[in-house]
Amino acid sequence: MKKSINQFIVYGLLGFLTLVGCQYDSQEVLEEEATEAVLERVDEKWLASDSHPVVQLLYSRGYERGTIYETEEHFLAPPDLLYSKNIDDYDLNDMGNNGAEQAYNTGKLVSLERMRINVFLDNSLGADLQTQSVNAMNALNGINNCALFFVRVFNANQAHITVRSDFGVEPTNVLGRAGFPSNGRPFDTVTLNVDRLDDFGADIRRNTIIHELGHCVGLRHTDWRANRESSAVNIPGTSENDSGSIMWHTINGGNPFTNGDLTAFRALFPRALRVDVVNVIDDYDYSGEIYVLDEVYVDVFTDGSYTTSATLNRNVRVNYKLRIQEYNHTSGSYTYNRNRLLNSGSSRYYIDEEEEQCSPYQGETCTYEEVDITYAFSIL
Ligand SMILES: [Zn+2]
């Protein structure tokens, strides 16, 4: 039986006054502490400036004036969302983006060739929230036929997502905060209200982290419409009334996932993809003629650990860029955006070819082509 903590949030705000006292045995220790001048990070937030282009964009997506706050690093929007301050992280041509708008919302998703997601757990979480973060990652990794594969890394530079303290920014009714993917990559930060989460048990602490990681890969709130959040696309087989959902806007205790959640994760992230470039022709001769032909394939795996090959179980659209570099007489570079539909049923798919050709001694133009997947997503 799941129990919503909504009531705690609404009615329980005045119930706590936590006294944290450091007790020292001697005057000597006190003096040492004083001279060490321990600097504890405390972040500030303030009402966001209306004129910032990202704030303007958020207003255009339905947020009300006066509801967006700002820290040094992010914009904060209700109920638990972070937004990058860099306007380049936003796709300003959101409409009609090759069907890329799916999930419970306009939120972008993590691309299927990026299903291995490295997570760094900052020391500011403390030991127990680090443990609960690992439990959250294990819960998500344990959903079969869902390709998301979260890996804890101990070097912050390797992280796709950093989970850290809110450093005092959040009010008591916000337990965690995260944002949505951009350019097929997960949102890079989860903040947790460490002080407030101390008031809750292990399952609420873990489920809060699962919820925020869900935002990082692109899931919206199950109850986005009732919550009057900007428009979302529903996932077939899921319900907006699934109040036990991990993506409900308030956190539930108990087992994290409803059947609707499992349906959603499996629909959005059915398999992990990996590009394989195979050389077909290598032709170099004494006069400097070059001709190289490579074929580009996509291989299918059960998840982002890329250990087990699998058959694609849903149709997937792969958007890719073919970049062509010309040099010699007509230097220039060109980009063509293309896509391939991968029909379910195979474990390996041909995408396109890459070519390099040059005959410099005959004064010809040399060209070099490269294929880059920009966004691969499951078709709902
Ligand atoms: Zn949320």
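Note that the structure is predicted; figures quoted are calculated from it, not measured.

1. Considering the overall build of the chain
In terms of regular secondary structure, the chain is built from seven helices and 15 strands. Across the 380 residues of the chain, 46% fall into the buried class. Of the contacts formed within the chain by residues at least 6 apart in sequence, a portion of 70% connects residues at least 24 apart. Carbon and sulfur atoms make up 47% of the accessible area of the chain, which amounts to about 19200 Å² in all.

2. As for helix H7 (residues 259-268)
Residues separated by three or four positions in an α-helix point in the same direction, a consequence of the helix having 3.6 residues per turn. When you tally the buried positions in H7, you get seven out of 10 residues, the bulk of the element. Considering only its buried residues, H7 is in contact with helix H4 (126-141) and strand E15 (366-378).

3. Brief notes about the environment of alanine 202
Its location among the elements puts alanine 202 in helix H6 (residues 202-217). Spatially, the C-alpha atom of alanine 202 lies 9.8 Å from that of asparagine 135, the residues being 67 residues apart in sequence.

4. Regarding the coordination of the zinc ion
Within the protein, the atoms that donate to the zinc ion are Asp80 (OD), Asp80 (OD), His211 (NE2), His215 (NE2) and His221 (NE2), at distances of 2.0 to 2.6 Å. When the donor residues of the zinc ion are listed from N- to C-terminus, their spacing reads D-x130-H-x3-H-x5-H. Taken together, the residues histidine 211 in helix H6 and histidine 221 in the loop between H6 and H7 connect sequence positions 10 residues apart. Judged by relative accessible area, histidine 221 falls into the buried class, the value being 0%.

5. Points about the sheet that holds E15
Spatially, E10-E11-E14-E15-E12-E13 is the arrangement adopted by the six strands of the open sheet, whose pairing is antiparallel. Because the sheet does not close on itself, it has two edges, and the strands there are strand E10 (272-284) and strand E13 (332-342). The average undirected angle you get between the axes of adjacent strands in this sheet is 20°. As defined by bridge partners, strand E12 (residues 316-327) adjoins E15 across 12 bridges and the pair is classed as antiparallel. Within E15, the residue paired with arginine 323 across the bridge is glutamate 370.

6. Here's the deal with the packing of aromatic side chains
In the structure shown here, the tally under the stated rule is six aromatic pairs. Relative to tyrosine 83, the ring of tyrosine 63 lies with its centre 5.9 Å away and its plane at 80°, an arrangement referred to as edge-to-face. Of the two residues, tyrosine 63 sits in the loop between helix H3 (53-60) and strand E2 (69-70) while tyrosine 83 sits in strand E4 (residues 81-84), which places them 20 residues apart along the sequence. Residue tyrosine 63 is classed as buried on the basis of its relative accessible area of 17%. Each member of the aromatic cluster is reached from another via a ring pair, and the members are Tyr63, Tyr83 and Tyr90. The cationic tip of lysine 45 hangs over the ring face of tyrosine 69; the distance from NZ or CZ to the ring centre is 5.1 Å. Looking at lysine 85, its charged tip hangs above the ring of phenylalanine 75, at a distance of 5.5 Å from the centre.

7. A short note on the nonpolar core
Core analysis: the largest hydrophobic core is formed by 69 residues, its most contacted members being Phe150, Phe265, Phe269 and Leu273. Considering every element that reaches this core, the biggest residue donor is H6, with six residues. Here this core gathers at least three residues from each of two domains, domain 1 (6-268) and domain 2 (272-378). Every residue in contact with phenylalanine 269, bar those within four places of it in the chain, is listed here: Leu109, Val110, Leu112, Met115, Asn145, Cys146, Ala147, Leu148 and Val217. Membership of the second largest hydrophobic core comes to 14 residues, among which are Leu57, Ile68, Tyr83 and Phe180.

8. Observations regarding the confidence of the model for the chain
On average, residues of the chain carry a pLDDT of 86, and 85% of them reach 70 or more. In the model, residues 1-31 has pLDDT below 50 throughout and makes 28 contacts with residues more than four positions away in sequence or in other chains. Throughout residues 94-107 the model reports pLDDT below 50, and contacts reaching past four residues in sequence, or to other chains, amount to 54 contacts.

9. Digging into the pattern of salt bridges
Counting across every chain of the model gives 17 salt bridges. The closest approach of N and O atoms between aspartate 50 and arginine 65, which form a salt bridge, is 3.2 Å. On the criterion of sequence distance, the pair formed by aspartate 50 in the loop between strand E1 (46-47) and H3 and arginine 65 in the loop between H3 and E2 is long-range, its members being 15 residues apart. On the basis of relative accessible area, aspartate 50 is assigned to the partly exposed category, the value being 35%.

10. Focus on unusual backbone geometry
In terms of backbone geometry, most residues other than glycine have negative phi values and most peptide bonds are trans. Omega for the bond connecting proline 78 with proline 79 falls within 30 degrees of zero, at -5°, which places this linkage in the cis form. Structurally, proline 79 is set in the loop between strand E3 (74-77) and E4. A positive phi is found at asparagine 145, a non-glycine position, where the angle reads about 60°. Relative to the helices and strands, asparagine 145 resides in the loop between H4 and strand E6 (149-153). Here asparagine 145 falls in the partly exposed class, since its relative accessible area comes to 38%. The phi dihedral of phenylalanine 167 is positive, around 50°, even though this residue is not glycine. On the secondary structure map, phenylalanine 167 appears in the loop between strand E7 (161-165) and strand E8 (176-178). Of the residues examined, phenylalanine 167 reaches a relative accessible area of 14% and is grouped as buried.

Calculation notes
- Residues numbered from 1 in each chain as written.
- Predicted model: local features only at pLDDT ≥ 70, side-chain atom pairs only at ≥ 80, totals over all residues.
- Heavy atoms only, no water.
- Helix = DSSP H or I, 4+ residues; strand = E, 2+ residues; numbered from the N terminus.
- Buried < 20%, exposed > 50% of the residue type's maximum accessible area, 1.4 Å probe, protein only.
- Contact = heavy atoms within 4.5 Å.
- Areas by Shrake-Rupley, 256 points an atom, 1.4 Å probe, with all protein chains shown as cover.
- Donors = N, O, S within 2.8 Å, 3.2 Å for Na, K, Ca; no water.
- Pairing = 2+ DSSP bridges.
- Axes fitted to C-alpha atoms, helices over the stretch in contact; angles between N-to-C directions.
- Phe/Tyr/Trp six-rings, centres within 6.5 Å; stacked < 30°, edge-to-face > 60°.
- Lys NZ or Arg CZ within 6 Å of the ring centre and 35° of its normal.
- Core = buried A, V, L, I, M, F, W, Y, C linked by side-chain atoms within 4.5 Å.
- Domains from an automatic or database assignment.
- pLDDT = per-residue confidence, 0-100.
- Salt bridge = Lys/Arg side-chain N within 4 Å of Asp/Glu carboxyl O.

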